[in-house]
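These are the residues of each chain, in order.
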Amino acid sequence: MASSSSTAREPRALSRERRAGSQPASPEPRPGTRVRRQLGTSPWLFAAPGLVVVGVFILYPFVSTVINSFTDRRTLIPGEFVGLANFRELLHDEMFWTGLRNSTLYVLGVVPALVLLPLLLALLVQKNIPGIAFFRSAFYTPVVASIVVVGLIWVWLLDERGLVNSLLEAVGAGKVGFLSDQWLLLLSAMAVTVWKGLGYYMIIYLAALANVPRELHEAAAVDGAGAVRRFLTVTVPAVRSTMVLVGALSSVAAFKVFSEVYLMAGPDGGPAGEDTTLVMLVQRTGTGLTGRVGYASAISVVVFVVTVALMLLVLRADRKEDA
């Protein structure tokens with residue numbers, strides 16, 4: 001009986017196997033398929049927060065500024081499309097040319113100092129001598145200090161009743177109008193910018209100098225090269241790419257200067273507004289209940305174009321030296 005029942009089950013099992021074999025079997029997933037799919041989406045998940053921040057706080061304001069530059073928008077009025085009217089108005093605006101002049105002079109006065117002086121300062125603090133850590137911290141302290149605090153300190157120092165003029169009077173010299181003369185005020189603001197940026201660029205140069213082989217200096221010293229010659233023939237070529245980086249960063253920051261001049265010259269830009277920079281003009285024109293947002297956006301577009309041009313000029317000069 002058992003043998004007959006088992007033989008009866010066999011055809012049924014064979015028929016089920018034939019039916020199963022006639023249908024195409026579902027392909028088994030390859031090993032690692034799921035892992036690859038996860039890896040394909042994971043980078044975007046990690047980058048999503050940063051992309052959202054860039055889009056909201058950088059791309060959207062930039063696109064909005066470019067669009068507003070072609071309109072007559074005001075603070076409480078949407079405005080209408082006016083084409084290039086704002087840019088044509090810039091050509092006849094004396095304050096725009098004053099701001100462009102001051103911003104350009106700021107670049108010419110600040111950038112060479114911030115390219116050379118931090119390098120010399122880095123060479124001084126590079127040596128491992130007792131107490132050098134204190135001087136490194138002291139030179140870097142202005143970098144971490146608030147620009148508002150730094151600006152107010154220098155205003156108190158350079159005021160007509162400030163410490164500097166008091167010392168000048170004590171030695172028999174007359175008072176100097178650091179904050180009342182057009183050009184002295186601009187030079188004073190440049191000095192504050194250089195003083196505050198020395199420590200920051202010094203750290204960049206220290207990192208570059210750490211990668212300069214000591215054997216190059218030793219070989220130059222064996223050949224009879226003095227300190228100045230070693231600086232010009234060994235140090236400068238070794239950190240030239242860093243000098244280009246510092247020049248690009250400082251030129252962009254100098255052209256967009258605002259806080260130093262605003263704090264020392266006031267919201268009106270010094271006497272008769274002659275120390276107004278382009279960024280100060282943007283702030284003055286585009287803020288307030290009656291602010292001309294469209295015209296201020298046109299000035300901002302000009303500032304952007306000039307800063308990009310400055311960076312391209314610096315990079316092109318570096319490429320020519322490499323060639």
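Above this text sits the structure in question.
Now for a quick tour of the structure. (Residues numbered from 1 in each chain as written. Predicted model: local features only at pLDDT ≥ 70, side-chain atom pairs only at ≥ 80, totals over all residues. Heavy atoms only, no water.)

**Comments concerning the pattern of salt bridges**
Working step 1: In the structure shown here, the tally under the stated rule is three salt bridges.
Working step 2: Across the pair Arg101 and Glu274 runs a salt bridge, and its minimum N-O distance is 3.4 Å. Pair noted here: Arg101 is in helix H4 (residues 94–125) and Glu274 is in the loop between helix H12 (259–265) and helix H13 (278–286), with a separation of 173 residues, a long-range link.
Working step 3: Relative accessible area serves as the criterion here: at 30%, Arg101 is assigned to the partly exposed category. (Salt bridge = Lys/Arg side-chain N within 4 Å of Asp/Glu carboxyl O. Helix = DSSP H or I, 4+ residues; strand = E, 2+ residues; numbered from the N terminus. Buried < 20%, exposed > 50% of the residue type's maximum accessible area, 1.4 Å probe, protein only.)

**Comments concerning the nonpolar core**
Working step 1: Membership of the largest hydrophobic core comes to 57 residues, with the highest contact counts inside it found for Leu90, Tyr106 and Met264.
Working step 2: Going through the elements one at a time, helix H3 (85–90), H4, helix H6 (147–158), helix H8 (182–209), helix H11 (240–255), H12, H13 and helix H14 (293–322) are the ones with two or more residues in this core. (Core = buried A, V, L, I, M, F, W, Y, C linked by side-chain atoms within 4.5 Å.)

**A closer look at the layout of surface pockets**
Working step 1: Taken as a whole, the largest pocket spans an internal volume of roughly 700 Å³.
Working step 2: Leu123, Gln126, Lys127, Arg214 and His217 are, among the 15 residues lining the largest pocket, the residues nearest its centre.
Working step 3: Elements supplying a minimum of two residues to the lining of the largest pocket: H4, helix H9 (214–222) and helix H10 (227–238).
Working step 4: When residues in the lining of the largest pocket are grouped by element, the largest group, four residues, is from H10.
Working step 5: In this structure, the second largest pocket is lined by 15 residues; those nearest its centre are Phe62, Lys256, Ser300, Val303 and Phe304.
Working step 6: Those elements giving two or more residues to the lining of the second largest pocket turn out to be helix H2 (33–68), H13 and H14.
Working step 7: Looking at the lining of the second largest pocket element by element, the count peaks at seven residues for H14.
Working step 8: Here the residues of the lining of the second largest pocket are counted per class, giving 11 nonpolar, three polar and one charged. (1 Å grid on protein atoms, 1.4 Å probe; cavity = no way out; pocket = protein on both sides within 12 Å on 5 of 7 lines; lining within 4 Å. Points joined across faces, edges and corners; volume = space filled by probe spheres on them. Nonpolar A, V, L, I, M, F, W, Y, C, P; charged D, E, K, R; others polar.)

**Topic: the side chain of Ser188**
Working step 1: Mapped onto the secondary structure, Ser188 falls in helix H8.
Working step 2: What makes Ser188 buried here is its relative accessible area of 7%.
Working step 3: A polar contact of 2.7 Å, which involves the side chain of Ser188, links it to the backbone oxygen of Leu184. (Polar contact = N/O pair within 3.5 Å; in protein donor to acceptor, adjacent residues only side chain to side chain.)

**Brief notes about the packing of aromatic side chains**
Working step 1: Applying the stated rule across the entire model yields eight aromatic pairs.
Working step 2: Both rings, one in Phe134 and one in Phe135, keep their centres 5.5 Å apart while their planes meet at 75°; by these two values the pair is edge-to-face.
Working step 3: An aromatic cluster of at least three residues, connected via ring pairs, comprises Phe134, Phe135 and Phe139.
Working step 4: Directly above the ring of Tyr295 sits Arg292, whose terminal nitrogen or CZ lies 4.6 Å from the centroid. (Phe/Tyr/Trp six-rings, centres within 6.5 Å; stacked < 30°, edge-to-face > 60°. Lys NZ or Arg CZ within 6 Å of the ring centre and 35° of its normal.)

**Here's the deal with the environment of Ala220**
Working step 1: When you line up the elements, Ala220 lands in helix H9.
Working step 2: Overall, Ala220 belongs to the buried group, its relative accessible area being 12%.
Working step 3: Those residues in contact with Ala220, other than ones at most four positions away along the chain, are Ala225, Arg230 and Val234. (Contact = heavy atoms within 4.5 Å.)

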